[in-house]
Amino acid sequence: MKKIIAIALLGFTSLFYGQIDTRIYDIVDEVSAEKLEYKVQNLVDFGTRNTFSETESDTRGIGAARRWIKGEFESISKNCGDCLNVFYQSETVTPEMGNRVPKTAEVVNVVAVQKGKKYPNSYVIMSGDIDSRASDTQDFKTDAPGANDNATGIAGAMEAARVLSQYEFDHSIVYVGLSGEEQGLYGGRFLAKYAKENQWNIIGVLNNDMIGNIEGLDGVIDNRTFRIFSEAYNPTETDRERQMKRFYGGEVDGRSRQLARYVHKTTQTYMPEMNPMMVYRLDRFGRGGHHKPFNDLGFPGIRIMEAHENYNRQHQDIRTEDGIEYGDVIDYVNFDYHKKLTAVNAISMASLAWAPPAPTEVEIGGIVEPSVKLAWKQEGAKDIKGYKIYWRSTTSPTWDHFRYVENVNEVTLEGIIIDNFYFGVAAVGKNGHESVVVFPSKILR
């Protein structure tokens, strides 16, 4: 039997349950720019990390790089009482699979899983790309240090693992170095398929690709702003679900978009000096990243990256032409900024991993009524303190209004007209952490 509460918004006062978790501030402080620089320098020193480069050498190529990354994850695990399960996950690519595949090779991902205590099959994933490239993506011999693209991403995942492994979480956290990105997002494809086959419940994928550059080719220098790219909808949705949006809304409220809003809000709460910029598209114009293969299978995923790119410093042979320096070398990485974006990831993952499961089967009703009704189901109810009923203008990018309620799973908001707003529900845990907001998917009649 559903418990129901009606809330008259005019003249109604309610105590909001919520709190700041000071451990999140500690996590921000624990991320180290010096350790990030050490990791990036080690990755750069392998000369090239092209997917098809040397695999037998201990000092050069993709093989040496992934063995070093795996060793770093194993060292982190040793320091936390073997709290990480570290392994390779791989599949083979052949020239028949695309014109960027010059020869048959193994695409090898390095995965470290920190199992959750309450919901071990529920995962938050932070990814960075291991591989680098020269001007010619098939050139696997020329030096391609890939300092910013994307040693910063995988170094960030490793540093997040070092910091977060000192804590216990309810949900599992995965730190992963993905390979084959420059040849067609193969590492992401293979891990997403692995997750699907193993029935992982993925809360969100935070893909980090270039998180260390502050000087754009546009001349702007900005060490505070970063972009969060998110897809509007789930590519696996049915024709009926698409048709329903014509009548009920939700065109910009897919799970990836809610994940982007969660990172945006968490950053503004705990790192207000930063300027998170949500970009309403899958990725940069006409380009892609390693969150896309997860989106393709219906998992929520976003891309986190710098705000101002310098195209002279990505996908370029190291050289000087007409007085312009080209190449992705470590001198151009700003490690204070790199620390900030790594911390953004770490606190977002910690908040998600400490939060209760999100509500399921959220329903909405209120057609031709001066109110709106919402009802939902909840997994892990013993961890729930209450719920936040969110709403916003249909043109607003963020959830701007809410009501907090306890001991109910159906609510009527009097005086709020369903036609004028979008609505969602988030679960609030006894520790004060919130789940991702869930947009209604069913009609309550």
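See the structure above.
Calculation rules
Residues numbered from 1 in each chain as written. Predicted model: local features only at pLDDT ≥ 70, side-chain atom pairs only at ≥ 80, totals over all residues. Heavy atoms only, no water. Helix = DSSP H or I, 4+ residues; strand = E, 2+ residues; numbered from the N terminus. Rg over C-alpha atoms; globule rule 2.2 N^0.38 Å. Buried < 20%, exposed > 50% of the residue type's maximum accessible area, 1.4 Å probe, protein only. Contact = heavy atoms within 4.5 Å. Areas by Shrake-Rupley, 256 points an atom, 1.4 Å probe, with all protein chains shown as cover. Expected span 1.5 Å × (residues − 1). Polar contact = N/O pair within 3.5 Å; in protein donor to acceptor, adjacent residues only side chain to side chain. Pairing = 2+ DSSP bridges. Axes fitted to C-alpha atoms, helices over the stretch in contact; angles between N-to-C directions. Lys, Arg positive; Asp, Glu negative; His and termini not counted. Salt bridge = Lys/Arg side-chain N within 4 Å of Asp/Glu carboxyl O. Phe/Tyr/Trp six-rings, centres within 6.5 Å; stacked < 30°, edge-to-face > 60°. Parallel < 35°, antiparallel > 145°, perpendicular 65-115°, else oblique. Left-handed = near helix turned anticlockwise from the far one by under 90°. Nonpolar A, V, L, I, M, F, W, Y, C, P; charged D, E, K, R; others polar.

J.: Let's hear about the overall build of the protein: which residues, and what values?
T.: For the protein, the count of helices and strands is 9 helices and 18 strands. Its C-alpha atoms give the protein a radius of gyration of 22 Å, near enough to 22 Å, the size a compact globule of 445 residues would have. Here the C-alpha coordinates of the protein stretch approximately 70 × 45 × 40 Å along the principal axes. Expressed as a percentage of the 445 residues in the protein, the buried residues total 58%. Considering only residue pairs separated by 6 or more positions, the protein has 77% of its internal contacts joining residues 24 or more positions apart. Surface exposure of the protein reaches about 18,500 Å², of which carbon and sulfur atoms provide 49%.

J.: So what's going on with helix H9 (residues 335–354)? Which residues, and what values?
T.: Helix length check: H9, at 20 residues, gives a terminal C-alpha distance of 28 Å against a target of 28 Å (1.5 Å per residue), a fit within 8%. Of all 20 residues in H9, 18 are buried; the element is thus mostly enclosed. Where H9 begins, one side-chain oxygen reaches toward the backbone nitrogen of Asp-336, 3.2 Å away; that side chain belongs to Asn-334.

J.: With reference to specific residues and values, describe the environment of Glu-159.
T.: Tracing the chain through its elements places Glu-159 in helix H4 (residues 147–164). You can call Glu-159 buried: its relative accessible area is 0%.

J.: Which residues make up the sheet that holds strand E14 (residues 384–393), and what are the values?
T.: The 3 strands are arranged E15-E14-E17 in an open sheet whose pairing can be described as antiparallel. Of all strands in the sheet, those with a lone pairing partner are strand E15 (401–405) and strand E17 (421–429), marking the two edges. The mean angle between the axes of side-by-side strands here comes to 20 degrees, regardless of whether they run parallel or antiparallel. Here E14 runs beside E17; their pairing, made up of 9 bridges, is antiparallel. Its bridge partner being in E17, Arg-392 is matched across the sheet by Tyr-422.

J.: Can you break down the environment of Ser-77 residue by residue, with the values?
T.: With respect to the helices and strands, Ser-77 occurs in helix H3 (residues 62–79). Along the chain, Ser-77 and Gln-166 lie 89 residues apart, while their C-alpha atoms are 9.7 Å from each other. Residues contacting Ser-77, with those up to four places away along its chain left out, are Asp-82, Cys-83 and Leu-84.

J.: Account for the side chain of Glu-306, naming residues and giving values.
T.: With respect to the element layout, Glu-306 can be found in strand E9 (residues 301–306). In this structure, Glu-306 is buried with no salt-bridge partner, the nearest side chain bearing the opposite charge being Arg-227 at 5.9 Å. Engagement of the side chain of Glu-306 in a polar contact is seen with the backbone nitrogen of Asn-213, the distance being 3.0 Å. Not counting residues up to four positions away in its chain, the partners in contact with Glu-306 are Asn-148, Met-210, Ile-211, Gly-212, Asn-213, Phe-226, Arg-227, Tyr-337 and Leu-341.

J.: Describe the pattern of salt bridges, listing the residues and the values that go with them.
T.: Pairing between side chains becomes possible if they bear opposite charge and their charged atoms approach one another. Scanning the entire structure with this criterion turns up 27 salt bridges. Close ionic contact of Glu-434 with Lys-265 constitutes a salt bridge, the shortest N to O distance being 3.1 Å. Placement of Glu-434 in the loop between E17 and strand E18 (442–443) and of Lys-265 in helix H7 (residues 255–270) is noted, with a sequence separation of 169 residues between them. For Lys-292, the salt bridge goes to Asp-296, with nearest N and O atoms at 2.9 Å. Note that Lys-292 and Asp-296 are positioned in helix H8 (residues 292–296) at a spacing of 4 residues, about one turn of the helix. Judged by its relative accessible area of 31%, Lys-292 falls in the partly exposed class. By relative accessible area, which is 37% here, Asp-296 ends up partly exposed.

J.: Which residues make up the packing of aromatic side chains, and what are the values?
T.: Applying the stated rule across the entire model yields 16 aromatic pairs. Ring plane angle 35 degrees and centroid distance 6.1 Å describe the contact between Tyr-186 and Phe-190, whose orientation is recorded as tilted. Here Phe-190 and Tyr-186 lie together in helix H5 (residues 186–197), a separation of 4 residues that amounts to about one turn. Per residue, the accessibility class of Tyr-186 equals that of Phe-190, and both read buried.

J.: Give a detailed account of the side chain of Ser-351, specifying residues and quantitative values.
T.: Among the structural elements, Ser-351 can be located in helix H9. Leaving out residues up to four positions away in the same chain, Ser-351 has contacts with Ile-24, Tyr-262, Thr-266, His-433 and Glu-434.

J.: Any chance you could break down the sheet that holds strand E8 (residues 275–279) for me, citing the residues and the numbers?
T.: Strand order in this open sheet of 8 strands is E2-E3-E5-E4-E6-E9-E7-E8, and the pairing throughout is mixed. Two strands bound the open sheet, and with one partner strand each, they are strand E2 (84–93) and E8. The average undirected angle you get between the axes of adjacent strands in this sheet is 25 degrees. Strand direction decides the pairing type here: strand E7 (residues 225–230) and E8, joined by 5 bridges, are parallel.

J.: I'd like a description of the packing of helix H2 (residues 33–44) against H4, backed by residues and values.
T.: It is at 9 Å that the axes of H2 and H4 come closest, and there the two elements cross at 130 degrees. As far as their axial angle goes, H4 and H2 are oblique. For H2 against H4, the interelement crossing comes out right-handed. On H4, the residues touching Lys-35, Leu-36, Lys-39, Val-40, Leu-43 and Val-44 of H2 are Ala-147, Ala-151, Thr-152, Ile-154, Ala-155, Gly-156, Met-158, Glu-159 and Arg-162. Class assignment of the residues belonging to the contact of H2 with H4 gives a composition of 9 nonpolar, 2 polar and 4 charged.

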